Amino acid sequence: DLDDLRARLARTRWPDEVNDDAWSHGTSRAFLQDLTDHWRHRFDWRAVETRLNRLPQFMLEIDGLPIHFIHAKGQGPRPMPLLISHGWPGSFLEMERILPLLTNPGAHGGNPADAFDVVIPSLPGFGFSARPAAPGCGPQAMAGLWAKLMTALGYEKFAVQGGDWGSAISAWLARQHPARVIGAHLNFLICAIRPAADAPFDDAERAYLAALLHWRDTEGGYFAIQSTRPQTLGYGLADSPAGLAAWIAEKFRAWSDCAGDIATAIPIDDLLANIAIYWFTNTITSSLRIYKEHRAAPFVIQPGERITPPLGFAHFPREMLHPPRRYLERAFNLQHWTDMPRGGHFAAMEQPAALAADMRTFFRPLRP
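What comes next is a walk through the structure.

Procedures and definitions
- Residues numbered from 1 in each chain as written.
- Predicted model: local features only at pLDDT ≥ 70, side-chain atom pairs only at ≥ 80, totals over all residues.
- Heavy atoms only, no water.
- Salt bridge = Lys/Arg side-chain N within 4 Å of Asp/Glu carboxyl O.
- Helix = DSSP H or I, 4+ residues; strand = E, 2+ residues; numbered from the N terminus.
- Buried < 20%, exposed > 50% of the residue type's maximum accessible area, 1.4 Å probe, protein only.
- Expected span 1.5 Å × (residues − 1).
- 1 Å grid on protein atoms, 1.4 Å probe; cavity = no way out; pocket = protein on both sides within 12 Å on 5 of 7 lines; lining within 4 Å.
- Points joined across faces, edges and corners; volume = space filled by probe spheres on them.
- Nonpolar A, V, L, I, M, F, W, Y, C, P; charged D, E, K, R; others polar.
- Phe/Tyr/Trp six-rings, centres within 6.5 Å; stacked < 30°, edge-to-face > 60°.
- Polar contact = N/O pair within 3.5 Å; in protein donor to acceptor, adjacent residues only side chain to side chain.
- Contact = heavy atoms within 4.5 Å.
- Axes fitted to C-alpha atoms, helices over the stretch in contact; angles between N-to-C directions.
- Parallel < 35°, antiparallel > 145°, perpendicular 65-115°, else oblique.
- Left-handed = near helix turned anticlockwise from the far one by under 90°.
- Pairing = 2+ DSSP bridges.

The next point concerns the pattern of salt bridges. Tallied over the full model, the rule gives 15 salt bridges. For the salt bridge of aspartate 63 with lysine 148, the shortest nitrogen-to-oxygen distance reads 2.8 Å. Here the residue aspartate 63 occupies a position in the loop between β1 (57-62) and β2 (65-72), and lysine 148 occupies one in helix α5 (residues 139-152), the gap between them amounting to 85 residues. Residue classification places lysine 148 among the partly exposed positions, given a relative accessible area of 43%. When the shortest N-O distance is used, the salt bridge between lysine 251 and glutamate 250 registers 3.5 Å. Judged by its relative accessible area of 6%, lysine 251 falls in the buried class.

Pasting the structure below:
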């Protein structure tokens, strides 16, 4: 696989481009040529393997799907079970830097009483988890799988956390299993909340919804194709490592707090390790299907509906969308809100210490 990857990178056929230093047409050719040259000649996948093999990883079959997950026990008097779900174009590797801060806070300047037993699954169709062979495995179904996973691990009650699709899965868990979810901590929101007739949206909420529509019009092309024709897109991405890197790297640049230079937010080797997981497992096409599944069964909260487990929200300034607090309060039991000083969409990679501290603060009063 490594030999094949290097050969494909060496044979990349480069397109022409307009003079576009601002990336307004998409991924910069000069950037991508540097990135793929680094991937081919200097990136050390074997070192990444050695790192990953130190993590406590397991496989468990749930409803016929082999699921890959990390299960790291906490170092403290009474660790709280915590399930963290990743999103796209991320992977379980997003959580590598935050993991020790949660399992062993006492070794990183924190209080051992804030320790967690952390479970980080790879979503179905992502990384080392199985690829569903039939439609129907969207965020709602994944939440059901995770509930069964936590039962199998012996956790009747547990906390949840997520960004991107992980936020939708975590919110679905809180909605479907309110008696089991101790609390939900999110750093993104994927759901539509319908207002009650006697409580229309205020100005801030209307501005947020207008910004959402503008974002879909100007930045949501990837969302449109991935939610309608993911298979067609997948042929090119699964066959070309340069194409895969271009598709994923553009999102890391656009969605992170990097001022146009990805390396200032996320080390290039970490970016390539994440891309390499998609490449070696050949899961880019199956990962795209979560968008089509969501389109078929969107997360809509009806007027008057309440999701009762306590909610904490970390609002990062360079996140792509910014729901106002009032919007969340309509449907969630919002008990904690933090305006973070720095960071973007990939919070666990960009600002692991700040995100871990906010999680510990939110969950502390919810511990038994």
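Our next topic: helix α15 (residues 352-363). Taking 1.5 Å as the rise per residue, α15 with 12 residues should run 16 Å; its terminal C-alpha atoms sit 16 Å apart, in good agreement. Every buried residue of α15 is accounted for by Pro352, Leu355, Ala356, Asp358, Met359, Arg360, Phe362 and Phe363.

Attention shifts here to empty space enclosed by the protein. Counted under the stated rule, the structure contains three cavities of 30 Å³ or more. Taken as a whole, the largest cavity holds about 120 Å³ of empty space. Around the largest cavity, the lining comprises 16 residues; the ones closest to its centre are Glu94, Met95, Gly163, Asn187 and His345. Among the residues making up the lining of the largest cavity, the classes are represented as seven nonpolar, seven polar and two charged. In this structure, the second largest cavity occupies an estimated 70 Å³ of space. Lining the second largest cavity, in full, are Arg51, Leu93, Glu94, Glu96, Arg97, Asp270 and Met349. A per-class count over the lining of the second largest cavity returns two nonpolar, no polar and five charged.

What follows deals with the layout of surface pockets. The calculated volume of the largest pocket comes to roughly 660 Å³. As for the largest pocket, its lining consists of 31 residues, and the residues nearest its centre are Ile190, Leu212, Arg216, Phe223 and His294. Elements that contribute at least two residues to the lining of the largest pocket include exactly β7 (192-193), α7 (203-219), α8 (221-226) and α12 (284-296). A total of five residues in the lining of the largest pocket trace back to one element, the largest contributor, which is α7. Partitioning the lining of the largest pocket into residue classes produces 23 nonpolar, four polar and four charged. When its volume is computed, the second largest pocket comes out at roughly 320 Å³. In terms of lining residues, the second largest pocket is bounded by 19 residues, among which Pro15, Thr27, Arg29, Leu32 and Ala246 are the most central. The element best represented in the lining of the second largest pocket is helix α10 (residues 241-255), accounting for five residues.

Our next topic: the packing of aromatic side chains. According to the stated counting rule, one finds 21 aromatic pairs in the structure shown. Residues phenylalanine 126 and tyrosine 278 carry aromatic rings whose centres are separated by 6.3 Å and whose planes lie at 65° to one another, so their mutual orientation is edge-to-face. Linking phenylalanine 126 in the loop between β4 (116-121) and α5 with tyrosine 278 in helix α11 (residues 268-281), this pair joins segments that are 152 residues apart in sequence. For phenylalanine 126, a relative accessible area of 2% gives the class buried.

Quick look at the side chain of serine 91 now. Considering the arrangement of structural elements, one finds serine 91 in the loop between β3 (80-85) and α4 (99-103). At 2.8 Å, the side chain of serine 91 forms a polar contact with the side chain of asparagine 274. When sequence neighbours within four positions are dropped, the list of residues in contact with serine 91 reads His86, Asn274 and Ile277.

Here we take up the packing of helix α1 (residues 2-10) against helix α2 (residues 29-41). Direction vectors running N to C along α1 and α2 enclose 150°, while the axes themselves pass 9 Å from each other. Comparing their axes, α2 and α1 come out roughly antiparallel. The hand of the α1/α2 crossing is left-handed. On α2, the residues that touch Leu5, Arg6, Leu9 and Ala10 of α1 are Thr36, Trp39 and Arg40. Tallied by class, residues from the contact of α1 with α2 come to four nonpolar, one polar and two charged.

Let's shift gears to the sheet that holds β4. Pairing in this open sheet of eight strands is mixed, and the strands run β1-β2-β4-β3-β5-β6-β9-β10 from one edge to the other. In this open sheet, the two strands that pair with only one neighbour each are β1 and β10 (332-339). Strand-to-strand, the axes of this sheet are offset by a mean angle of 25°, without reference to chain direction. Relative to strand β9 (residues 307-315), strand β6 (residues 181-186) runs parallel, the two being bridged by three bridges. Bridging across to β9, alanine 184 finds its partner in leucine 311. Each of β1, β2, β3, β4 and β5 (158-162) is contacted by α5, which is oriented at about 115° to β1, the strand it contacts most. On the sheet, α15 packs against β3, β4, β5, β6, β9 and β10 and is oriented at approximately 150° with respect to β6.

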